[in-house]
Amino acid sequence: MYWIDRIVIATIAFAVLVYVLWAAPRYLDPTGSDPVKQERDRQWVNTSPYFVDRQACRWLTLCGLHHLRADPASRDYRHKHGQHWLPTPTPDVGRGGGGADGDKPTPRREIPDYVFKHAPLVHLYSGEQFWPSDMRDHITHMDVQLNSTLLDDDAPWGLGNMSRLNDLNGSVFLYSKNDVESRPAWLHSRYNIPSTSSGPGAPDADDRQPVAAALPEEAAITTPHHPHTRPPSYGQSRVVDHLAPAAQKALAAPGAALQGHKPDAQGYSAAPAVLVLVDKGEGVLDAFWFFFYSYNLGQTVLSMRFGNHIADWEHCMVRFKDGAPQGMYLSEHEGGQAYAWEAMEKRNASFRGVPDAAERPVIYSAIGSHAMYATPGDHAYILPFKMLKDVTDQGPLWDPSLNHYAYFYDYQSDDDFQPDNAPELQSSLGLGSGSESDPPVPDSLTPAASNPDAPTSWFHFRGRWGDGVYPLADVRQWRLFGQYHYVSGPQGPKFKNLGRKKMCLAKKCRIRHERDGSGTWY
């Protein structure tokens, strides 16, 4: 009788534990569930060829237990003989092409000075393995997948014509040409590390300049920022076109090079950020800063890793009212946090040569997930007792204002856009030759005057920038208590509700007036 009681109690305790672990992710899931999602999940479970695996997945939420293994951030892909891998330069045509769509004579607006005077400074994690990436380089490593089937993509596509992929009938994903678990070097993007120093010995914000310190004093910069254009080589960038004549002459000298692909203690990275300005009316302007990474490394729970995905879009937003900063939003997984301006950590920096003329907010990027936080340290989420947490510190300082694409976005006109008489698809991908017969692109996104030729088509791409969720049959995949080892890649910046009236991305918006910590795990 004694043993029967013990067995019953143990069985009940196990059943309660399983139920809690099964119900908690569903209760905390802000996206909810629906019949379509349930059917999609049923089909995913059925991809496993093993009966026991399918039943354990359905009843115990233990999927792919036989796939479990270590998933370290860094694998043995080491550079041989000390040589560093660099991305292959791509021309400004075809895939990776960066010209403006259609060369339409659209008026270009100047970016207000206050946007750069209050642009964020980002501390990347000191032990980060997956650094900021150039989306132009990223797509050269991706194929196109339609409804789980790879398509022939011989026709050229790139940042300048990606929106034409929207004409495909079904779910479109960019799919990695490499097995991500082989950790190809382009996932790490180490050549985009903006700094090798931090802390007390790091260069002060007041001393940061957008050009290498080797330039002579008369080679002064004439603009406060440098819009990104693809360099013809990784030794010298075409950003010199935006410099004063003396600076261009200095850079043309033998041995002179603009800092960029090498670690740069001034905060410059060869990976461009994306600045999208959205006018909300009544004096309100939102400045969205988007940061792209080729890989998101998920966090671990009890040494098991969850939430990996190809491609990662993170962002912050500074809200201005009549030119004065009011608050800031930081993307953190599904919800994010909004802060009053006075709560943010700030550093004074020179602007147009005037010392301490710019008050810049400082934010922190978490290791692996790249979620944005207002403070360094541990940040628990979803689970109690810090079982699942992001970690930030004062690692390399990234100044996205030094290298970025800049745009103005009219979300109201974008909602009304309907392509009229779109031409027939010209190939299995719906890609033409880049001629006037290409489907029209919404003009709701216009490049700023600082980069009139910046591509816009990529912004309207509705598909995912990385692989879809791997099936249960894939040896790389498992799912425990509703949490996947690999999830789908994200959509792009356009689908972050840029037209929202509140600062928050979530429906419930609470403005924090202190920055110590970033909320509780629940």
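The structure we're discussing is the one just above.
Residues numbered from 1 in each chain as written. Predicted model: local features only at pLDDT ≥ 70, side-chain atom pairs only at ≥ 80, totals over all residues. Heavy atoms only, no water.

(A) Main features of the overall build of the protein chain. Along the protein chain, the regular secondary structure elements total eight helices and 23 strands. Scored against the burial criterion, the 522 residues of the protein chain give a buried share of 51%. Considering only contacts within the protein chain whose residues lie at least 6 apart along the sequence, 73% involve residues at least 24 apart. (Helix = DSSP H or I, 4+ residues; strand = E, 2+ residues; numbered from the N terminus. Buried < 20%, exposed > 50% of the residue type's maximum accessible area, 1.4 Å probe, protein only. Contact = heavy atoms within 4.5 Å.)

(B) Representation of the pairing of strand S12 (residues 337-340) in the model. Going residue by residue along S12, you find Gln337 and Tyr339 tucked away on one face and Ala338 and Ala340 tucked away on the opposite face as well. Note: strand S11 (residues 324-330) against S12, four bridges, orientation antiparallel. Among the inter-strand pairings, Gly327 is bridged to a residue of S12, identified as Ala340. In terms of strand pairing, S12 meets strand S23 (residues 511-512) through two bridges, oriented parallel. Bridge pairing in S23 links Ala338 to Ile511. (Pairing = 2+ DSSP bridges.)

(C) Quick look at the nonpolar core. One finds Met135, Met162, Leu174, Val274, Val276, Trp458 and Trp465 to be the most contacted residues of the largest nonpolar core, which totals 47 residues. If you list the elements that add at least two residues to this core, you get strand S3 (142-146), strand S5 (172-176), helix H6 (185-188), strand S6 (273-281), strand S7 (284-296), strand S10 (309-321) and strand S19 (404-409). Those residues in contact with Met135 that sit more than four places away from it in its chain are Leu159, Val274, Phe292, Trp313, Tyr405, Trp458 and Trp465. One finds Ile111, Phe116, Ile363 and Ala374 within the second-largest nonpolar core, a separate group that totals 34 residues. (Core = buried A, V, L, I, M, F, W, Y, C linked by side-chain atoms within 4.5 Å.)

(D) Quick peek at the pattern of salt bridges. Per the counting criterion, the structure on display carries 15 salt bridges. Between Asp71 and Arg305 there is a salt bridge; the shortest N-O distance is 3.7 Å. Taken as a pair, Asp71 in the loop between strand S1 (62-63) and helix H4 (113-117) and Arg305 in strand S9 (residues 304-306) lie far apart in primary sequence, 234 residues in all. Each member of the pair Asp71 and Arg305 is classed as buried. For the salt bridge of Glu345 with Arg347, the shortest nitrogen-to-oxygen distance reads 3.6 Å. Taking relative accessible area as the criterion, Glu345 reaches 16% and is therefore assigned buried. Here the salt bridges do not stand alone but share partners, grouping Asp71, Arg183 and Arg305 into one network. (Salt bridge = Lys/Arg side-chain N within 4 Å of Asp/Glu carboxyl O.)

(E) Broad picture of helix H3 (residues 51-60). Listing the buried residues of H3 in full gives Asp53, Arg54, Ala56 and Cys57. When H3 is viewed along its axis, its buried side chains cluster within an angular range of 165° and face the same direction. The exposed residues of H3 that point more than 90 degrees off its buried face are Phe51, Val52 and Trp59. The elements touched by buried residues of H3 are helix H2 (35-45), S1 and strand S21 (479-480). Where H3 terminates, the next one or two residues include Thr61, which has phi positive at roughly 55°. (Arc of directions from axis to C-beta.)

(F) Molecular detail of a nonpolar patch on the surface. Together, Ile4, Val8, Ile12, Val16, Tyr19 and Val20 line one region of the surface with nonpolar side chains, adding up to about 570 Å² of accessible area. The topology assignment puts Ile4 in helix H1 (residues 2-28). (Patch = residues over 30% accessible without salt bridge, like charges linked within 9 Å, V, L, I, M, F, W, Y side chains within 5 Å. Areas by Shrake-Rupley, 256 points an atom, 1.4 Å probe, with all protein chains shown as cover.)

(G) Geometry of the sheet that holds S23. Ordered in space as S20-S19-S6-S7-S10-S11-S12-S23, the eight strands form an open sheet in which the pairing is mixed. At either end of the open sheet lies a strand with only one pairing partner, and these are strand S20 (445-447) and S23. Pairing of S6 with S19, which is carried by five bridges, proceeds in the parallel orientation. What sits directly across from Val276, in S19, is Tyr407.

(H) Here's a closer look at the sheet that holds S5. In space, the three strands of this open sheet follow the order S4-S3-S5, with antiparallel pairing throughout. The two strands at the open ends of the sheet, each matched to only one other strand, are strand S4 (149-150) and S5.

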